Protein chains: 4
Amino acid sequence: MPGRIKTGVIGATGMVGQNYIQMLARHPWFEVTYVAASPQSAGKRYADAVAGRWVMDEEIPEAVRDLTVGDASDIATARARCDLVFSAVEMDKQAVRNLEEQYAASGLAVVSNNSAHRWTEDVPMVIPEVNPHHLDVIPLQRKRRGWQKGLIVVKPNCSLQSYLPPIYALIRAGYAVESLIVTTMQAVSGAGYPGPASIDMIDNLIPFIPGEEEKSEQEPRKILGTVRDGKIILNDSLQISAHCNRVPTINGHLACVSLKFGGRKPPLDEIIRIWQEFRAEPQELGLPSAPQPMLIYRDEANRPQPRRDRDAGRGMAITIGRLRPCPVLDIRFVALSHNTVRGAAGGAILIAELLQAKGYLG
Amino acid sequence: MPGRIKTGVIGATGMVGQNYIQMLARHPWFEVTYVAASPQSAGKRYADAVAGRWVMDEEIPEAVRDLTVGDASDIATARARCDLVFSAVEMDKQAVRNLEEQYAASGLAVVSNNSAHRWTEDVPMVIPEVNPHHLDVIPLQRKRRGWQKGLIVVKPNCSLQSYLPPIYALIRAGYAVESLIVTTMQAVSGAGYPGPASIDMIDNLIPFIPGEEEKSEQEPRKILGTVRDGKIILNDSLQISAHCNRVPTINGHLACVSLKFGGRKPPLDEIIRIWQEFRAEPQELGLPSAPQPMLIYRDEANRPQPRRDRDAGRGMAITIGRLRPCPVLDIRFVALSHNTVRGAAGGAILIAELLQAKGYLG
Amino acid sequence: MPGRIKTGVIGATGMVGQNYIQMLARHPWFEVTYVAASPQSAGKRYADAVAGRWVMDEEIPEAVRDLTVGDASDIATARARCDLVFSAVEMDKQAVRNLEEQYAASGLAVVSNNSAHRWTEDVPMVIPEVNPHHLDVIPLQRKRRGWQKGLIVVKPNCSLQSYLPPIYALIRAGYAVESLIVTTMQAVSGAGYPGPASIDMIDNLIPFIPGEEEKSEQEPRKILGTVRDGKIILNDSLQISAHCNRVPTINGHLACVSLKFGGRKPPLDEIIRIWQEFRAEPQELGLPSAPQPMLIYRDEANRPQPRRDRDAGRGMAITIGRLRPCPVLDIRFVALSHNTVRGAAGGAILIAELLQAKGYLG
Amino acid sequence: MPGRIKTGVIGATGMVGQNYIQMLARHPWFEVTYVAASPQSAGKRYADAVAGRWVMDEEIPEAVRDLTVGDASDIATARARCDLVFSAVEMDKQAVRNLEEQYAASGLAVVSNNSAHRWTEDVPMVIPEVNPHHLDVIPLQRKRRGWQKGLIVVKPNCSLQSYLPPIYALIRAGYAVESLIVTTMQAVSGAGYPGPASIDMIDNLIPFIPGEEEKSEQEPRKILGTVRDGKIILNDSLQISAHCNRVPTINGHLACVSLKFGGRKPPLDEIIRIWQEFRAEPQELGLPSAPQPMLIYRDEANRPQPRRDRDAGRGMAITIGRLRPCPVLDIRFVALSHNTVRGAAGGAILIAELLQAKGYLG
C-alpha cells in the first residue's frame, strides 16, 4: 500500500497504544512509521519495550516489532517521521495539554484519546457519525494558535459511545430528547492495564468508576453543541444521569437507558426504523473504518450481550435491543459498544479518516 | 431445643428447598421434621434424593440427611408431621395454587416462595419490615375459605428486596415517592439450579430476565397497599421502571436507583439518618432472623459490592451506598441484598417468625 | 465458488453442529446444502429451528438461514442433497452407529464427531497431521461392508488434541515415548450447550469430567496404531495418566504434561526444533484448513494462555510453551488447542479435506 | 478473655496482614495489641491506614480499628507492646531476614509468612501436623544466636499445603513415597493484593507462577527432614515435579497428584482409612485452630471443588477426593486447601498455638 500516511503512536507501549498498533496493522490509509513512549522505553526495539506487557490477543504486527521507540517529548523526531500522531499518553492533564500542543505546533495532526483537551473550546470532541461538522473549527483553531498544518482533535469517553449515537439519531430525526437515565455495565479493559484486580472482579462487581459518571453526563453537552465563531457552544437541553458500574467482562460497555422526549414522541417502530436507516458522513464517505450500518437493532429479547455483540461491524457498530415503553420516562432500551474499538482506538482512527477525507491531513 | 415448631419443606430437593434446609439447620424456633418433593424423589432418604445435586456450600445437616422424602401431593402425611410448611415447589401456577390451598385447608401454615398466590387478594405478600400489618387479613382469609388453623402467606420477588425497603423507609418517614427507575444486576443463583449456562456468563452478561421486570414493577403496588375489609388494596401512587440484568455473580442482587419524590424532598443527610435509624416490627420483636440494623449505609464510594456486602446481617440486612443527587429525578443510590437469603429462604423464615410472634402458628 | 462439494450437517442445531455451520460458511471446497436434526426441528427453516439457541459469536450464515431442516433419520433426502456429511448427532451409541452406517451405505462420506465408532476396528480415528495413513483402511472398510462410495471416519476426543500432536512429533523424529502424565484444564464449551452451570463455574472449578480421562488415555492407542490387513492395530507402548478438570474458560483446552522417553532423550533445544519444523501431510498438501505451522512454540514463561493462544492458526494450530526438565519423568511442557475448532468441527473439516485430497470423495 | 498473649502483626496493612487481623479477631489465646507497617502508614489509625484497601469480606475488627500503626523497623515499641509477632512484611529477603532476627533478639517470638528464613538451617519451617518436632531446634537456635526468649519459626509455601499432609500421612503409616507429579490450580488471592489483573483472569488462566514450582519442589525436603544437632537435615528421598497454574478462583489451591511409592503399596481403601484416621499433635493437644479431622476424604466423583470445600474445618482442613490407580505411577488423587487460611495466616496461627502449648512462648 504505497503512499499511505506516515503515522505515529505516542504512548505506544500502554494498552491503548497497543490497540492502535494492532488496529492500524492492516489499515489502507495509515502506516505506523513511528512509536514513542516514556524515557524508560525510549531507544528500545518496540517488541522489547512491550515484552511481558503486550496484552492484545493478536501478535505484535511485523512492521512495528523492530521500530525503535522514541521519547514522547522529542517532538522533532516525531515530526520527521510522520504527519499524523495518535496520542495515547498518560500523564497529568497540564503536561498532556502542553505536549499535544507542541506536536500540533510542529505541524502534526494530533488525534487524542486523552481527556486533557476535551474541554478546550476550540478543540473538537468528535464522534464522526454525530458531530463531524465540529471539525469546522479547525481553521480557526490553527489561526488562533498560529499553526500551519497542525491540529488537535479528541475523542470522547468510551462510556457514552453506546448510548449517545442512538439518541443523536432520534434528535436528528426531529425528536428532541429532554433527559435520560443511564446505567452502564463497563468492561475491565476500559481501565487500561492492569486495571481492576481479579480478586475484585470474581463473583463481584463494583458500582463505581472514578470520574466516569461526570464524563458521561458532561461530554454530550459539547458533542451535541453547535459551532459558532470557531468555537463549540455547549448544548444544555439534555439532562443526563449516569450510574457507572465495572463488571467482569473483557470488552464491551453495555448501557440500560430510560429516556424522555422533549416534544413529539415517536412510536416504537418509527424509532427502530430511524436507527436501522441511520447513515452519517462516515458511511456516506465510505471511510475504511465506518461500519455499515452503524446502528444495529436486534429483535431477540436477550440482546445485545457484550461477548456476542461487541464485534459487530468489526467493533465499530453499536448494537441496540429491548426497545420498550418506560413507565416513568418515555422509552427504554439497551445499547452496547466495543469500548476499546469504537470507544477508543477505532473511534480515533475513524476521526483521522474523516480528517483525511475532508482534506485536513497534509 | 425442645418444643420447636415442627416444620416441613415442600419442594425440598430443589435449590430453594436446599436453602431452607441449610438455613433452618440451627433455627431456635423451627425444626425440620418433614421434607417432600416430586414422586420421583418420594420414598428416598433425603441425602440420597439430593445426591449429586446438593449445591449448598455447607453439608446437608445431620438432622435432615436421613429423613424420608414424602410426596408433595400427600397432604395427610405432611399434616401429621408438621404444623408449618415452607413451599418451594416448582409446578405450573394453577397446580401450585391448588396444592398450597390444600395444605392450608388441612390446617398447615404455608409460607411460600412461589409466585402463584402473589396476586390472590386475600393472601398477604410480605416483607416483614415493610408490611407486617398485611398479616391482618389472615382471619378473614381463614373465614372466607373455611380454614381453622391453616393460612397462606407469600414472599415477593427477590429483585425488589434490595430497593423497596430503603424506599419504604423514606415513605414511612413522611417523604412520598412518586417514581423510580431501577437497573438491577442480579446473581445467577436467582435462577435456581442449573440456571444460566457458564458459556453465557463468562466474559458476558445478559440484559434480560424473563418476567423479572414485570414482577419488580408490579409487586410493590401490593406490598405498599393498604388493608381494607380483609383484602389488600393496591397502591398505585408509585411508578417503577425496572431494567433487570443477569451478571456473573453467585449471590447478591444489586440495584442502581434513581428516584423522584412526590412532595417534600429530604436533604441527603436526613435520608442517611432515616436509613440508619430504621427499625420495624421484626427488629422490635427481636425475631431470630431479623437483622439489627436492617439498613446499612456505607460511606465508601465503591460499595456496596455483591461479594463483600451480601452477607451483612447474616444475609438479611440491606446495604446501601452512593447516595447523591440525580440530575434527572431527585436522588440516586445503590442498594444490595442477598437474593437467596433475604430474597428467598431467609425472607420466608422471617415471615414465619413474624407469624409465630403474632400468634398465627398453632 | 462453483463446483464445491455438497455437504450436509447432521445434528445441525446443537452446538457442534452450529460450529460446523459457522466454520463452513466461507469454505473453498465444501458448501452446506443440507442440514438435518431431530424430528422436532425437521421441517423448520434453520434460522427458526435454532432461534434462541444459536450460541456462536458470529451470525447464522446467510446461505444456511433459509435451508429447511431435514430429519436426521431420513437418509434418502440427505443422499439426494449432498455427497459428504458431518455427523454431530447426539443419541445413544448404538443408534449413532446404525445411523452413520446407513448414511455410509447410501453412498455418503461420513465424518463424525460422535464417539460411537471410535473403537470400530475398520473405522479410522484421525488427527490429519498424526495418522493420515489410517485412511488406507477405507478400501477394506468399503469392501467388507459392501459400500460403493460411502465411508466413515471419526475424529478423536478434544482433550488429547493439545498434547498428542507434540508428542507424536517427537516419536516421528525417532524419540520413543514411554509414558506421560497429563493434567488438563478444559473449557466449558467442550461440554456443549448448556454445559456446566455458571453457579458451578464462578469462583470454582470441577476436577472431573465424566468419561474424559478414559478417552484421553485410550484413544491415543488407536491413533498411534499401525494399519495391518485393513484394520488398525492398537499401540500399547505408551502409558498415559490423565487428570481432567473443567475450568471457567470459554474455549481452549490446556494441558500440563510430564513425559518419559523410552530410549534416547533429546536435548531441550532439539525438541523445540522438532516442534517448530514439524510438517505433516496436511501442510504438504496445502489443505485449506491446515495451519502453517501446526506447532507453535512460545518462549514467554507464561504462555500458552487459553484466551490469547487458542486462535493461533485460525484455531487449528497447537501452542506449546514452558518446555523444561521434569524431576520425576524426563521433560515437561504446557500445550493448548482450541477445543471447538481443532478439537471438534475444524479437526473434522480437515479430515474431510484430506479425504478429498486423497480422492476418497466422489 | 483475660490473660491472652499480646500479639503484634508486622506488615499489618497488606493482604496477609489483614488476614491475620481478621482471623485473630476472636482468638481465645492471642489478642492483637499492636500493628506495624511501612513508614508511610506509621502513626495512622489502623482503619485509616487500610482505608480503600481493606479487602477482607468481613469488617475490620473493632478492637483493631483504633490501634495506632507502628513503624515495622521500630523493634522497641513492638517489644513493649507484645510477646509474639506474626511477620507478614514484604521487603527484599535480606532486609526481612535482618528485621525478623532483630525482633527475635529483642525477646519476641516471630512466626513468619515470609520466605526469607525458610532455608536458614536452624529455623524450622513447620506444618504443625507434619513436623511439629522441628520446633526442637529452638533451644539451639536461641543458644547459637544468644537469644533469651526470642525465636523464629516460618511456615512453608501455600501451594504445597494441599498435597504434602496427605502424602505425609501415608509416609507416617509406613508407606515410603518415592516421587510425585503434581499440577496445581491456584487461587488469585495467593498473589496478594492487587495480584493478577482481571483482564488476565476472565476467560483465561496462566500456566505459570514465578518461583512457585521451585518452592513446591524444594520445601518438602526440609519439612520432611530430620533434626540432628539442632539443625534440620534435608530429606532427599522424595522427588517432586510441580506444574503451578493461576486460575480464576478467589481462594483454594487445588492439586492433581500422581504418586509412586518407594516400597510397599497400600490398597486404595487402606489409603482412605489412613487419611480418615490421621491425627497429629495439634489434634491431640486440642489446639484452638486445629481442624478435627485434618484430612477429609470425599466420595463424590467431582470433589473437592475450591468454592465448596475450601472452608472445611474453618479453612484449616484439607479435602481429598478421586483416589484411583495411576497408569504411570502408582496412585492419583485430588487435594484442596484454603490458601489464605491453612496456607497462610491460619497455618501460622496454628504454629503459634503449638509454640504456646509446648511452652516456647513466655
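Residues numbered from 1 in each chain as written. Chains lettered and ligands numbered in written order. Predicted model: local features only at pLDDT ≥ 70, side-chain atom pairs only at ≥ 80, totals over all residues.

In this section: the overall build of chain A. Counting secondary structure elements, chain A contains 13 helices and 14 strands. For a compact globule of 362 residues, the expected C-alpha radius of gyration is about 21 Å, and chain A comes in at 20 Å, within 12% of that figure. Within chain A, residue pairs in contact and separated by at least 24 positions form 76% of the contacts whose partners lie at least 6 positions apart. (Helix = DSSP H or I, 4+ residues; strand = E, 2+ residues; numbered from the N terminus. Rg over C-alpha atoms; globule rule 2.2 N^0.38 Å. Contact = placed C-beta atoms within 7 Å.)

The transform that puts chain C on chain A rotates by 180° and translates by 0.0 Å along the axis, for an RMSD of 0.0 Å. Expressed as a symmetry operation, the mapping of one chain copy onto the other fits a two-fold axis. Every residue of chain C has its C-alpha some distance from the rotation axis, and the shortest such distance is that of C:D203, at 3.2 Å. Both copies share a contact surface, since 100% of the interface residues of chain C are interface residues in chain A too. (Least-squares fit on C-alpha atoms with pLDDT ≥ 70 in both.)

This part takes up the interface of chain C and chain A. At the junction of the two partners, chain C supplies 6 residues and chain A supplies 6 residues. Residues belonging to the side of chain C that touches chain A are distributed by class as follows: 1 nonpolar, no polar and 5 charged. (Nonpolar A, V, L, I, M, F, W, Y, C, P; charged D, E, K, R; others polar.)

Taken together, the contacts link 34 residues of chain A with 34 residues of chain B. Those elements that place two or more of their residues in the side of chain A that touches chain B are β7 (177-186), β10 (239-246), β11 (253-261), α12 (306-309) and β14 (331-337) of chain A. Among the residues forming the side of chain A that touches chain B, the class breakdown is 18 nonpolar, 11 polar and 5 charged.

Residue and element names in this part refer to chain C. Running from amino to carboxyl end, helix α7 (residues 164-172) crosses helix α10 (residues 268-277) at an angle of 110°, the nearest separation of the two axes being 9 Å. Relative to α10, α7 is oriented roughly perpendicular. Where α7 abuts α10, its residues P166, A169 and L170 lie against I271, I274 and W275. For the contact of α7 with α10, the per-class residue count stands at 6 nonpolar, no polar and no charged. (Axes fitted to C-alpha atoms, helices over the stretch in contact; angles between N-to-C directions. Parallel < 35°, antiparallel > 145°, perpendicular 65-115°, else oblique.)

Residues and elements named next belong to chain A. In the contact formed by helix α1 (residues 15-23) and helix α13 (residues 341-357), the axes pass within 9 Å of each other and the chain directions differ by 50°. Regarding the angle of α1 to α13, the classification is oblique. Viewed along their axes, α1 and α13 form a crossing whose handedness is right-handed. Residues V16, N19, Y20 and M23 of α1 lie in contact with α13, whose contacting residues are A344, A345, G346 and I349. Of the residues assigned to the contact of α1 with α13, the class counts are 6 nonpolar, 2 polar and no charged. (Left-handed = near helix turned anticlockwise from the far one by under 90°.)

Residue and element names in this part refer to chain B. Across the 9 residues that make up helix α1 (residues 15-23), a large majority, 9, are buried. Within α1, burial applies to M15, V16, G17, Q18, N19, Y20, I21, Q22 and M23. Taken together, the buried residues of α1 touch β1 (5-10), β2 (30-37), α3 (62-65), β4 (84-87) and α13 (341-357). (Buried ≥ 20, exposed ≤ 12 C-beta atoms within 10 Å, placed from the backbone.)

Our next topic: the sheet that holds β14(A). All names here are of chain A. Reading across from one edge, β10-β7-β11-β14-β13-β12 is the order of the 6 strands in this open sheet, with mixed pairing throughout. If you trace the sheet from one side to the other, it starts and ends with β10 and β12 (295-298), each paired once. If you compare each strand with its neighbour and ignore which way they point, the axes differ by 20° on average. Pairing analysis gives 4 bridges linking β12 to strand β13 (residues 318-325), with the strands arranged parallel. Note on β13: the bridge partner recorded for Y297 is I320. (Pairing = 2+ DSSP bridges.)

On to the sheet that holds β2(B), then. Residue and element names in this part refer to chain B. On the basis of which strands lie adjacent, the open sheet formed by 6 strands has the order β3-β2-β1-β4-β5-β6 and parallel pairing. Either end of the sheet is taken by a strand with one partner, and the two such strands are β3 (69-71) and β6 (151-154). Neighbour-to-neighbour, the strand axes of the sheet open up by a mean angle of 30°, direction not taken into account. Relative to β2, β1 runs parallel, the two being bridged by 6 bridges.

With that out of the way, let us pick up the pairing of strand β11 (residues 253-261) of chain B. Residues and elements named next belong to chain B. Along β11, 7 of the 9 residues are buried, which leaves the element largely enclosed by surrounding structure. Direction of pairing for strand β7 (residues 177-186) relative to β11: antiparallel, over a ladder of 8 bridges. Residue pairing in the sheet places I181 in a bridge with S258 of β11. Both β11 and strand β14 (residues 331-337) contribute to a ladder of 7 bridges, which runs antiparallel. Counterpart to L259 in the pairing with β14 is I331.

Right, let's get into the domain arrangement of chain A. Residues and elements named next belong to chain A. The domain boundaries assigned to chain A delineate domain 1 (5-158 + 345-357) and domain 2 (159-338). If you average the C-alpha positions of domain 1 and of domain 2, the two centres end up 25 Å apart. The partner domain 2 presents 30 residues to the 34 residues of domain 1 that form the contact. Elements supplying a minimum of two residues to the side of domain 1 that touches domain 2: α1 and α13. Ranked by residues supplied to the side of domain 1 that touches domain 2, first place goes to α13 with 7 residues. For the side of domain 1 that touches domain 2, the residue count by class is 19 nonpolar, 8 polar and 7 charged. (Domains from an automatic or database assignment.)

Here the bond from A:Q292 into A:P293 is cis, since omega is 0°, no more than 30 degrees from zero. Position of A:P293 among the secondary structure elements: in the loop between α11 (281-285) and β12. Looking along the chain, the bond that leaves C:R303 and enters C:P304 is cis, with omega of 0°. As for its position among the elements, C:P304 is in the loop between β12 (295-298) and α12 (306-309). Unusually for a residue other than glycine, A:D229 sits at a positive phi of about 55°. Inspection of the secondary structure assignment puts A:D229 in the loop between β8 (226-228) and β9 (231-233). Its identity as a non-glycine residue notwithstanding, D:D203 has a phi of 55°, on the positive side. Looking at the element boundaries, D:D203 is found in the loop between α8 (198-201) and α9 (212-223).

Let us now look at the environment of A:D299. All names here are of chain A. Along the chain, the position of D299 falls in the loop between β12 and α12. When the 9 C-beta atoms within 10 Å are taken as the criterion, D299 is described as exposed. Along the backbone, D299 and K6 are 293 residues apart, and their C-alpha atoms lie at a distance of 43 Å.

On average, residues of chain A score 96 in pLDDT, and 99% of them reach the 70 mark or higher. Scored by ipTM, the complex comes to 0.95, with pTM at 0.96. (pLDDT = per-residue confidence, 0-100.)

Right, let's get into the environment of A:P306. By the element assignment, A:P306 lies in helix α12. On the neighbour-count criterion, A:P306 (26 C-beta atoms within 10 Å) is buried. For A:P306 and A:Q186, which are 120 residues apart along the polypeptide, the C-alpha to C-alpha distance reads 9.4 Å. Residues within four places of A:P306 in sequence aside, it is in contact with A:A187, A:T249, A:N251, A:G252, A:L254, A:L336, B:N204 and B:L205.

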